[in-house]
Amino acid sequence: MTEFNDAFLTAWQLLALSDARLSAIAWLSLRVSLAATLVACVVGMPIGALLAVGRFPGRRVLIVLFNGLMGLPPVVVGLLVYLLLSRAGPLGQFGLLFSPEAMIVAQAVLVTPIVAALTRQVIADEWSEYREQLRSLGASRSRAAATLLWDGRFSLSTAALAGFGRAIAEVGAVMIVGGNIDGVTRVMTTTIALETSKGDLPLALALGFILIAVVLAINAVAYALRGWAERHWG
Amino acid sequence: MITRRLFCAALAACSLLAAGASQAQERFITVASTTSTEQSGLFGHLLPIFEKVHGIKLRIVALGTGQALDMARRGDADVVFVHDRAAEEKFVAEGYGVKRQEVMYNDFVVIGPKADPAKALGRDILEGLRRIEAAKAPFVSRGDKSGTHAAELRYWKAAGVDLAAKKGAWYRDTGSGMGPALNTAASMNAYILADRGTWLSFRNRGELGIVVEGDQKLFNQYGVILVNPAKHPHVKQADGQKFIDWVVSAEGQKAIADYKIGGEQLFFPNARR
Amino acid sequence: MNAWLTMENLGLTEGGTRIIDDVSLALGAQRTVVLGPNGAGKSTLLRLIHGLLHPSGGTLRWARPVSQAMVFQRPVMLRTTALANVVYGLKLRGLAADECERRARQALAHVGLERLAKRPARLLSGGEQQRVALARVWALEPELLILDEPTASLDPASSREVERIINEIAASGTRILMTTHNLGQARRIAEEIVFIDRGRIAEQTPVAEFFKLPRTAAAQDFLQEEMP
């Protein structure tokens with residue numbers, strides 16, 4: 001397994017030298033995926049809460065739909081967003097294709113159903129506990145949804161993290177809408193794909209290790225913060 | 001409400017991150033090109049030289065030739081830089097391109113197991129392919145409508161091998177880029193048609209080596225085309241033309257000739273001026 | 001005694017079971033305690049009156065519209081401070097922010113929790129949480145306060161404190177309608193006892209009379225079992 005040894009060695013070298021190109025690529029990955037996760041949370045969490053609390057026709061259909069869309073293939077999302085943002089597409093005049101913004105859009109589309117579906121789960125559990133109290137105090141359903149979103153913020157961090165994990169790990173969508181342009185839209189996963197196709201498997205694997213380390217670090221920080229917050233607020 | 005404030009601060013920070021993701025407006029053109037030019041490192045070599053002279057950045061989107069031309073048809077590129085003459089001429093004839101100019105050539109090589117079970121070793125590409133087919137030796141095809149794939153199909157035809165009839169388990173249609181196809185060939189110890197540049201910069205060679213090279217027929221011509229502003233008004237005509245003029249100029253041609261891997265020249269400038 | 005609430009043939013059926021069975025009842029006392037064995041339908045009746053459940057038959061008629069609030073066996077505390085929990089109820093009534101805060105602080109002072117106002121509500125003891133819940137409804141100044149076993153999961157000291165607060169709220173003129181398992185508490189708080197058995201009203205009796213000699217056999221059995 002010389003590849004694994006080489007990969008570890010390469011990963012350490014890249015980190016030890018704090019390779020400028022690597023850090024630029026890792027930073028872009030983080031920025032794009034964090035921004036996409038933020039958008040997905042702003043859109044997906046209210047949707048999830050309303051699906052949990054609301055009573056309207058088609059609610060069950062929407063729940064099944066969002067649960068199903070959690071498994072959206074990134075390539076399909078990439079292709080859809082590509083066709084939307086392409087000059088020949090409906091949003092072509094903004095010239096967003098092959099930009100970090102396009103990647104944010106694609107990842108946000110990919111991640112929103114995940115955030116919405118997980119939020120619905122969290123809020124539905126809270127709703128069964130809070131329902132009578134909130135209704136007794138006179139909260140409307142939309143007000144209750146907002147209250148539960150704020151009250152469930154620590155549990156909801158898991159939904160955000162799941163979305164972020166999906167965003168930063170996917171390659172299919174960003175490859176298509178970003179174009180993997182060196183210095184502009186090249187992120188960790190597209191770099192890994194590129195190095196793999198160049199046959200530099202140890203380098204590709206080393207970048208993979210670094211990506212995993214970054215994701216683990218973010219999860220560890222989030223976990224610690226959540227633990228602190230839960231101890232503080234009960 | 002300390003946590004609420006913290007929470008808002010975190011939100012604000014994330015929004016700033018998102019805003020930061022948008023690059024400051026810089027002068028650039030988008031070039032739809034092929035994996036062979038990108039992965040061989042040629043563009044990495046040309047980009048800084050051109051930028052220094054003209055202050056224009058090149059954003060290279062590397063795809064197969066077929067995909068690159070489709071992308072340009074949709075108006076998503078300013079310039080195409082590809083290698084499939086027939087497809088390029090069709091692109092111009094359809095009105096999507098202004099004019100096709102030849103820039104350089106490289107050559108294809110047949111890569112195969114060093115042990116050469118099909119006895120394909122030599123200079124003659126057509127004879128080599130016939131022997132591979134006769135031995136039913138494993139052969140990996142790109143199968144992705146790229147320039148290399150188009151060339152491979154032309155060679156089979158010229159060699160008199162009717163793929164439709166002879167295709168069997170030995171012929172693996174992978175539908176992938178040059179690099180992934182080479183990875184597949186390396187793991188299967190199969191023959192494959194590759195461009196020399198990608199092969200030279202390819203690391204995961206396994207037991208493979210060059211089997212056929214040097215045949216005139218293996219020369220692979222690259223062309224550069226400005227996407228027609230009449231079809232897509234947003235095309236950066238002036239800057240795109242600047243790049244085309246530069247790449248066919250004496251200076252640009254020399255830059256191409258100067259690019260070497262391990263002392264070996266990969267691309268041979270042949271622009272007609 | 002003028003009835004402030006009249007129920008006629010009220011029923012609630014769930015999954016084929018009649019939880020509330022043809023209840024006709026007029027409530028007129030200022031402090032009413034509903035007693036009955038487990039599963040008799042006490043909580044359900046309270047929820048029907050509060051509007052959390054809809055009857056499957058019969059009518060509920062209020063003499064005039066009455067503002068009401070409810071306290072549950074297990075108080076639901078939002079993940080914020082005790083003060084903000086009290087403010088939350090007021091905000092839902094559309095009061096201005098400073099008025100909310102003023103009334104919330106006052107209510108917390110009434111329940112003796114002023115010094116814990118800024119503490120995270122969920123980290124308070126069970127008794128303190130129930131007192132925050134009482135402050136939350138007290139601040140709303142309801143005309144009718146419904147309490148469902150408010151001391152069932154509390155220790156005796158907390159239980160006495162909660163009882164004291166209920167008495168104070170009652171003294172301020174708010175009508176009390178509650179259930180409890182604590183017969184001593186029922187005796188101390190109630191003017192009138194409504195005894196419910198298997199979804200039906202068995203009897204409605206003034207408190208002194210009920211504890212001396214209930215009119216129905218079911219209530220007699222109940223008292224015997226509960227008071228050894």
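Residues numbered from 1 in each chain as written. Chains lettered and ligands numbered in written order. Predicted model: local features only at pLDDT ≥ 70, side-chain atom pairs only at ≥ 80, totals over all residues. Heavy atoms only, no water.

### Some words on a nonpolar patch on the surface
Residues and elements named next belong to chain A.
(1) Moving on: Judged by side-chain polarity, F4, F8, W12 and L15 come together as a nonpolar surface patch covering roughly 460 Å² of accessible area.
(2) Moving on: Tracing the sequence through the fold places F8 in helix α1 (residues 2–16).
(3) Moving on: You can call F8 partly exposed: its relative accessible area is 45%. (Patch = residues over 30% accessible without salt bridge, like charges linked within 9 Å, V, L, I, M, F, W, Y side chains within 5 Å. Areas by Shrake-Rupley, 256 points an atom, 1.4 Å probe, with all protein chains shown as cover. Salt bridge = Lys/Arg side-chain N within 4 Å of Asp/Glu carboxyl O. Helix = DSSP H or I, 4+ residues; strand = E, 2+ residues; numbered from the N terminus. Buried < 20%, exposed > 50% of the residue type's maximum accessible area, 1.4 Å probe, protein only.)

### Observations regarding the nonpolar core
(1) Moving on: C:L35, C:L134, C:I193 and C:F211 are the most contacted members of the largest nonpolar core, which has 76 residues in total.
(2) Moving on: Take this core: its biggest share by element is eight residues, from helix α5 (residues 100–137) of chain A.
(3) Moving on: Two domains each donate at least three residues to this core, and these are domain 1 (1–67 + 142–228) and domain 2 (74–141) of chain C.
(4) Moving on: Leave out the neighbours within four places in its chain, and C:L35 touches C:K42, C:T180, C:L183, C:A186, C:I193, C:V194, C:F195, C:I196, C:F210, C:F211 and C:F222. (Core = buried A, V, L, I, M, F, W, Y, C linked by side-chain atoms within 4.5 Å. Domains from an automatic or database assignment. Contact = heavy atoms within 4.5 Å.)

### Observations concerning the layout of surface pockets
(1) Moving on: Here the second largest pocket is characterised by a volume of approximately 1,100 Å³.
(2) Moving on: Lining the second largest pocket are 42 residues; nearest its centre among them are A:R21, A:I25, A:D182, A:R186 and A:E195.
(3) Moving on: For the lining of the second largest pocket, the elements supplying multiple residues, two or more each, are α1, α2 (20–53), α9 (188–197) and α10 (201–233) of chain A together with α2 (35–39), α3 (42–54) and β2 (57–63) of chain B.
(4) Moving on: For the lining of the second largest pocket, the element with the highest residue contribution is α2(A), accounting for seven residues.
(5) Moving on: Tallied by class, the residues present in the lining of the second largest pocket amount to 19 nonpolar, nine polar and 14 charged. (1 Å grid on protein atoms, 1.4 Å probe; cavity = no way out; pocket = protein on both sides within 12 Å on 5 of 7 lines; lining within 4 Å. Points joined across faces, edges and corners; volume = space filled by probe spheres on them. Nonpolar A, V, L, I, M, F, W, Y, C, P; charged D, E, K, R; others polar.)

### Some details on the domain arrangement of chain B
Interfaces are often described in size by the accessible area the parts lose on coming together.
Residues and elements named next belong to chain B.
(1) Moving on: The domains assigned to chain B are domain 1 (26–105 + 222–269) and domain 2 (107–218).
(2) Moving on: Look at where the C-alpha atoms of domain 1 and domain 2 centre, and you get two points 26 Å apart.
(3) Moving on: With 12 residues of domain 1 in contact, the opposing surface of domain 2 contributes 16 residues.
(4) Moving on: For the pair domain 1 and domain 2, the summed buried surface comes to about 1,100 Å²; carbon and sulfur atoms form 55% of the total.
(5) Moving on: The interface formed by domain 1 and domain 2 includes two salt bridges.
(6) Moving on: Of the charged contacts, one joins R154 and D84 as a salt bridge, the two residues approaching to 3.8 Å between their closest N and O atoms.
(7) Moving on: For the pair domain 1 and domain 2, the interface holds four residue pairs in polar contact (both at pLDDT 80 or more).
(8) Moving on: Going through the elements one at a time, α2 and α4 (65–73) are the ones with two or more residues in the side of domain 1 that touches domain 2.
(9) Moving on: Residue contributions to the side of domain 1 that touches domain 2 peak at three residues, all from α2.
(10) Moving on: The residue inventory of the side of domain 1 that touches domain 2, partitioned by class, reads two nonpolar, eight polar and two charged. (Buried area = accessible area lost by both parts, 1.4 Å probe. Polar contact = N/O pair within 3.5 Å; in protein donor to acceptor, adjacent residues only side chain to side chain.)

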